[in-house]
Amino acid sequence: MVLAATGFSFLVFVYIAQLVDDKMYLRLGLVALLGHVIVAVVVIPIIPYTWDFGQFDQAAQLVATGSLPDGSTVASFAAVQGIVYAIFGHDPTNIAIISGLLAVLLPIPIRYITTSLYGRIRLDGVTTMILFLPLSFLMLSLPMRDSTSVFLFFSLLAITVKSISETRALVGIFVFPVWGMLYLVRPELALVSLLAVLAAVSVTVIQLSDIDLSLRSIFVILVPIGAAGFGLFAELLYSFERVNAELSYRATGGAVYLDGMEYSSWFDFLLAAPARAIYFQFTPFPLHVESVFHGLTLVGTVITIVIFIGAVRSLYSRDFATTTAILLGVVYFAGTAGYGAINSNFGTGVRHRIIFDFILVIAAAPVIARWELLVREWLGVVPRHRGEHDEQQREAQKLDGHVKARGEYSNEAGE
């Protein structure tokens with residue numbers, strides 16, 4: 001039945017890609033989907049890591065027999081996996097292939113968010129990175145919940161951006177069921193996204209009230225939202241005792257960092273959060289490498305650092321939509337701080353930080369578009385040194401992007 005799951009995935013992707021009407025995305029997506037199928041069928045059975053494959057497989061079998069497995073998030077994804085088993089047969093490879101399908105559909109919401117942030121911009125480079133970043137490519141092929149949670153998360157952000165920027169209440173209705181599904185699979189991501197949506201809505205209300213949006217007003221918005229987020233983290237997700245227990249539990253295995261650390265108070269927790277967020281986003285460091293997998297993870301970290309620099313440069317040099325930037329910024333900083341405070345193993349961290357790597361790709365879109373142009377020139381797809389006229393045309397396109405972005409601000413303020 002693996003052939004049936006594969007055929008179904010290709011048919012669904014081709015149908016949706018044609019609705020998007022982007023030939024480059026269709027081509028890249030077909031290549032990526034084929035790669036995910038190869039990883040699912042050939043690579044996953046031979047890699048020496050199984051993560052939580054067995055746990056999710058057993059839970060799905062329990063759901064299929066009418067029983068309820070332990071753990072709400074495991075049970076929630078087990079329902080999805082159980083449906084896949086019911087349709088295509090009991091084989092973890094089938095859920096891996098469906099996970100690959102969701103991975104190649106990810107550029108659709110991410111491209112919309114990117115356009116909302118920067119206005120009109122070339123997106124082929126962003127699409128390529130979302131589809132083919134090496135570690136993300138592997139992790140989103142695994143027969144676990146990562147691909148589902150990442151897809152739900154960015155779909156939620158895209159729906160939120162569309163309902164706010166275009167003031168379409170009917171679209172906003174879909175926020176609630178998507179948020180509910182995300183909460184069932186990844187409650188921590190659902191709470192982080194809730195904080196981000198509250199921040200974005202608050203900024204929009206200020207803009208509609210014709211109040212100047214200054215750093216001070218943004219600070220006034222973010223401080224109580226941050227306090228509320230910390231309260232939700234401490235009350236709904238982790239008690240202080242559980243924080244230390246999770247910290248100790250995750251500091252095991254061969255990919256550990258900052259082992260032996262323990263919080264003595266919530267103040268220590270907050271004090272360590274920025275440094276631990278950096279560790280979460282950028283480990284492993286070179287001295288952590290002890291195996292081939294660690295080396296591959298280090299390569300992924302180097303790529304992340306390059307994209308991070310591109311994101312900073314893009315945000316500094318380009319106009320951007322404030323509401324979308326606030327939404328993404330709250331998700332990024334709250335999410336990396338929350339995951340970093342608990343996580344002490346970069347083997348697990350590379351799965352959890354996929355979302356934040358993709359947010360960096362969105363923020364770095366203008367620089368990535370420039371890299372894409374350089375690659376096209378190197379390949380001869382477009383001519384090199386195209387002269388003063390073409391350079392002026394580039395500047396005009398860049399100015400057009402600035403004007404469009406400013407126009408979006410004025411519309412937001414005036415609606």
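Residues numbered from 1 in each chain as written. Predicted model: local features only at pLDDT ≥ 70, side-chain atom pairs only at ≥ 80, totals over all residues. Heavy atoms only, no water.

A.B. asks: I tried to follow the overall build of the chain on my own but got confused; where do I start?
C.D. replies: The helix and strand tally for the chain stands at 21 helices and 0 strands. Within the chain, the fraction of its 415 residues that count as buried is 50%. A sequence separation of at least 24 residues applies to 75% of the contacts in the chain between residues at least 6 apart. (Helix = DSSP H or I, 4+ residues; strand = E, 2+ residues; numbered from the N terminus. Buried < 20%, exposed > 50% of the residue type's maximum accessible area, 1.4 Å probe, protein only. Contact = heavy atoms within 4.5 Å.)

A.B. asks: Just to check I follow, could you spell out helix α9 (residues 146-165) for this structure?
C.D. replies: Each α-helix winds once per 3.6 residues, and so residues spaced three or four apart point in a common direction. With 20 residues, α9 ought to run about 28 Å at 1.5 Å a step, and its terminal C-alpha atoms sit 28 Å apart, in line with that. Burial within α9 is extensive, with 17 of its 20 residues counted as buried. (Expected span 1.5 Å × (residues − 1).)

A.B. asks: Sorry, what's going on with the packing of helix α12 (residues 187-208) against helix α17 (residues 322-342) here?
C.D. replies: For the pair α12 and α17, interaxial distance at closest approach is 8 Å and the crossing angle is 150°. If you check the angle between α12 and α17, you find them roughly antiparallel. The handedness of the crossing between α12 and α17 is right-handed. Residues Glu188, Leu189, Val192, Leu195, Ala196, Val197, Ala199, Ala200, Val203, Thr204 and Gln207 of α12 form the contact with α17, whose participating residues are Thr322, Thr323, Ile326, Leu327, Val330, Val331, Ala334, Gly335 and Tyr339. Residue composition of the contact of α12 with α17, grouped by class: 14 nonpolar, 5 polar and 1 charged. (Axes fitted to C-alpha atoms, helices over the stretch in contact; angles between N-to-C directions. Parallel < 35°, antiparallel > 145°, perpendicular 65-115°, else oblique. Left-handed = near helix turned anticlockwise from the far one by under 90°. Nonpolar A, V, L, I, M, F, W, Y, C, P; charged D, E, K, R; others polar.)

A.B. asks: Can you walk me through the confidence of the model for the chain in this structure?
C.D. replies: Caution is warranted with low-pLDDT regions, since their predicted coordinates should not be read in detail. On average, residues of the chain score 83 in pLDDT, and 88% of them reach the 70 mark or higher. The secondary structure element of the chain with the lowest average pLDDT is helix α21 (residues 387-414), at 45, and the one with the highest is helix α19 (residues 354-363), at 96. Taken together, the stretch residues 402-415 has pLDDT below 50 and engages in 26 contacts with residues farther than four places along the chain or on a different chain. (pLDDT = per-residue confidence, 0-100.)

A.B. asks: Sorry if this is basic, but what is going on with helix α6 (residues 107-118) here?
C.D. replies: Given a rise of 1.5 Å per residue, 12 residues ought to cover 16 Å, and the 16 Å separating the end C-alpha atoms of α6 matches this to within 8%. The buried count for α6 comes to 9 of 12 residues, which makes it a mostly enclosed element. Buried within α6 we find Pro107, Pro109, Ile110, Arg111, Ile113, Thr114, Ser116, Leu117 and Tyr118. At the exit of α6 stands glycine 119, carrying a positive phi of roughly 80°.

A.B. asks: I would appreciate a short explanation of empty space enclosed by the protein in the present structure.
C.D. replies: Gaps between atoms show up when a probe of the same size as a water molecule is rolled over them. In total, this model carries 3 cavities of 30 Å³ or more according to the counting rule given. Each pocket or cavity is described by its volume, and for the largest cavity that value is around 130 Å³. Lining the largest cavity are Leu133, Pro134, Leu135, Ser136, Gly300, Ile303, Thr304, Ile307, Val350, Arg353, Ile354 and Asp357. Broken down by secondary-structure element, the contributors of at least two residues to the lining of the largest cavity are α8 (134-139), α16 (292-317) and α19. Take the lining of the largest cavity: its biggest share by element is 4 residues, from α16. If you add up the space inside the second largest cavity, you get close to 60 Å³. Around the second largest cavity, the lining residues are Asp146, Ser149, Val150, Arg186, Leu189, Tyr339, Arg351, His352, Ile354 and Ile355. The dominant element in the lining of the second largest cavity, judged by the number of residues it contributes, is α9, at 3 residues. Taken together, the residues of the lining of the second largest cavity break down into 5 nonpolar, 2 polar and 3 charged. (1 Å grid on protein atoms, 1.4 Å probe; cavity = no way out; pocket = protein on both sides within 12 Å on 5 of 7 lines; lining within 4 Å. Points joined across faces, edges and corners; volume = space filled by probe spheres on them.)

A.B. asks: Would you mind going over the nonpolar core with me for this structure?
C.D. replies: The nonpolar side chains of soluble globular proteins are, as a tendency, buried together. Within the largest apolar cluster, 98 residues are counted, with the highest numbers of intra-cluster contacts made by Phe154 and Phe358. Look past the residues within four positions of phenylalanine 154 in its chain and what remains in contact with it is Leu106, Pro109, Ile110, Ile113, Ile355, Phe358, Ile359 and Ile362. Tyr238, Ala272, Ala341 and Ile342 belong to the second largest nonpolar core, which has 11 residues in total. (Core = buried A, V, L, I, M, F, W, Y, C linked by side-chain atoms within 4.5 Å.)

A.B. asks: Looking at this structure, I do not really get the pattern of salt bridges. What am I missing?
C.D. replies: Side chains that differ in charge, positive against negative, can pair when their charged atoms come close. Enumeration over the complete set of coordinates arrives at 9 salt bridges. Notably, a salt bridge pairs aspartate 124 with arginine 122, separated by 3.3 Å at the nearest N-O pair. A salt bridge links glutamate 372 to arginine 122, with the nearest nitrogen and oxygen atoms 2.6 Å apart. Of this pair, glutamate 372 sits in helix α20 (residues 365-379) while arginine 122 sits in the loop between α6 and α7 (124-132), and the two are 250 residues apart along the sequence. Take glutamate 372: its relative accessible area is 11%, and that puts it in the buried class. (Salt bridge = Lys/Arg side-chain N within 4 Å of Asp/Glu carboxyl O.)

A.B. asks: I keep staring at the environment of valine 161 and nothing clicks. Help me out?
C.D. replies: Take valine 161: it is sitting in helix α9. Overall, valine 161 belongs to the buried group, its relative accessible area being 4%. Note: C-alpha distance between valine 161 and threonine 323 (162 residues apart in sequence) is 8.2 Å. Ignoring sequence-local partners within four residues, the contact set of valine 161 consists of Tyr112, Ser116, Glu166, Thr324 and Leu327.

A.B. asks: In this structure, what is going on with the side chain of threonine 304? I would like to understand it.
C.D. replies: Checked against the element boundaries, threonine 304 lands in helix α16. In contact with threonine 304, other than residues within four places in its own chain, are Gln281, Phe282, Asp357 and Leu360.

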